[in-house]
Amino acid sequence: IIFNDGSNLEKASGKLNLKILDNILLLNFDGDKIYKISESYFRNKFLNSKLDGSINFKDNFYFDLNLLINQVNMRKLLLYYNSLGRDKNSNQINISKKINGKINIKSKKTDSFFGKIEDTNFILLFENGDLKIKSGSANLGKNGKVKFNISLLGNGKDQRINFFINFLSNNGKKFLKKFNLNIDEKNISFNAVGKINVIERKIKFENLIVN
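Novice: Looking at this structure, how should I read the pattern of salt bridges?
Specialist: Proximity of charged atoms lets side chains of opposite charge pair with each other. Across all of its chains, the model carries 6 salt bridges by this definition. With a closest N to O distance of 3.9 Å, lysine 202 and glutamate 200 form a salt bridge.

Novice: Just to check I follow, could you spell out the side chain of asparagine 166 for this structure?
Specialist: Within the fold, asparagine 166 resides in strand S11 (residues 160-169). For asparagine 166, a relative accessible area of 16% translates into the label buried. A polar contact of 2.3 Å, which involves the side chain of asparagine 166, links it to the side chain of asparagine 191. Non-local contacts of asparagine 166, meaning those with residues more than four positions away in its chain, are made with Lys145, Val146, Lys147, Phe190 and Asn191.

Novice: Please clarify how the pairing of strand S4 (residues 34-43) should be interpreted in this entry.
Specialist: Moving residue by residue along a regular strand, the side chains alternate between the two faces of the sheet. The pairing of strand S3 (residues 23-32) with S4 spans 8 bridges and is antiparallel. Pairing of leucine 26 across the sheet is with tyrosine 41, part of S4. What sits between S3 and S4 in their antiparallel hairpin is a turn of 1 residue, with lysine 33 showing a positive phi close to 75°. Examined bridge by bridge, S4 and strand S5 (residues 47-56) share 8 bridges and lie antiparallel to one another. Paired with lysine 36 across the bridge in S5 is serine 54.

Novice: In this structure, what is going on with the environment of lysine 76? I would like to understand it.
Specialist: Considering the arrangement of structural elements, one finds lysine 76 in helix H1 (residues 74-85). As for lysine 76 and aspartate 111, which are separated by 35 residues in sequence, their C-alpha atoms are 9.6 Å apart.

Novice: I'm lost on the environment of leucine 27 in this one. Help?
Specialist: In this fold, leucine 27 is placed in strand S3. Leucine 27 gets classed as buried once you look at its relative accessible area, which sits at 10%. Considering only alpha carbons, one finds leucine 27 and tyrosine 41, 14 residues apart in sequence, at a separation of 6.8 Å. Leaving out residues up to four positions away in the same chain, leucine 27 has contacts with Gly14, Lys15, Leu16, Ile37, Ser40, Leu51 and Ile55.

What counts as what
- Residues numbered from 1 in each chain as written.
- Predicted model: local features only at pLDDT ≥ 70, side-chain atom pairs only at ≥ 80, totals over all residues.
- Heavy atoms only, no water.
- Salt bridge = Lys/Arg side-chain N within 4 Å of Asp/Glu carboxyl O.
- Helix = DSSP H or I, 4+ residues; strand = E, 2+ residues; numbered from the N terminus.
- Buried < 20%, exposed > 50% of the residue type's maximum accessible area, 1.4 Å probe, protein only.
- Polar contact = N/O pair within 3.5 Å; in protein donor to acceptor, adjacent residues only side chain to side chain.
- Contact = heavy atoms within 4.5 Å.
- Pairing = 2+ DSSP bridges.

Printed below as a string of structure tokens:
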């Protein structure tokens with residue numbers, strides 16, 4: 001941490017450079033218990049992004065950040081963080097209850113399981129050990145658009161992932177070929193609501209509507 005001239009216990013500004021497990025976080029900060037973050041970034045071998053917003057130490061720790069992703073390999077990123085957060089003995093995903101905050105995430109282009117994804121937007125919420133993805137949307141190239149909400153809730157045997165997915169495409173035949181699924185219709189849509197048991201790795205659909 002490098003503090004700028006004039007910093008003291010009441011008000012401080014400067015630069016924090018942190019490296020943990022091949023993740024590099026650089027924060028330019030300015031404030032007094034509530035710090036403004038600007039011209040900052042978060043990087044690793046799967047992700048390159050810009051970062052700004054605020055971090056609050058006034059009462060309880062809370063952050064409100066904006067993450068603009070310049071480049072990401074989504075498949076490798078998810079596999080990497082899933083292995084770090086998952087308990088190998090119980091399959092449970094562990095998130096500290098001390099981490100609370102909100103990250104607004106935007107990405108112009110992403111490589112994923114589905115191929116190219118464009119204009120991805122969602123809000124990532126950390127709430128007392130729960131993790132929620134809200135108001136998610138993305139364009140799947142020229143093949144369709146998806147909207148989604150996903151929540152990782154609870155702990156122990158009751159840990160679950162609740163999900164809502166809405167998919168629309170005017171070229172569904174081409175898109176579904178990637179999954180070895182053949183249909184005659186070009187225009188398709190479906191809504192899926194359900195939950196995943198994290199420990200048992202089982203999916204239960206509560207509602208599934210196609211076309």
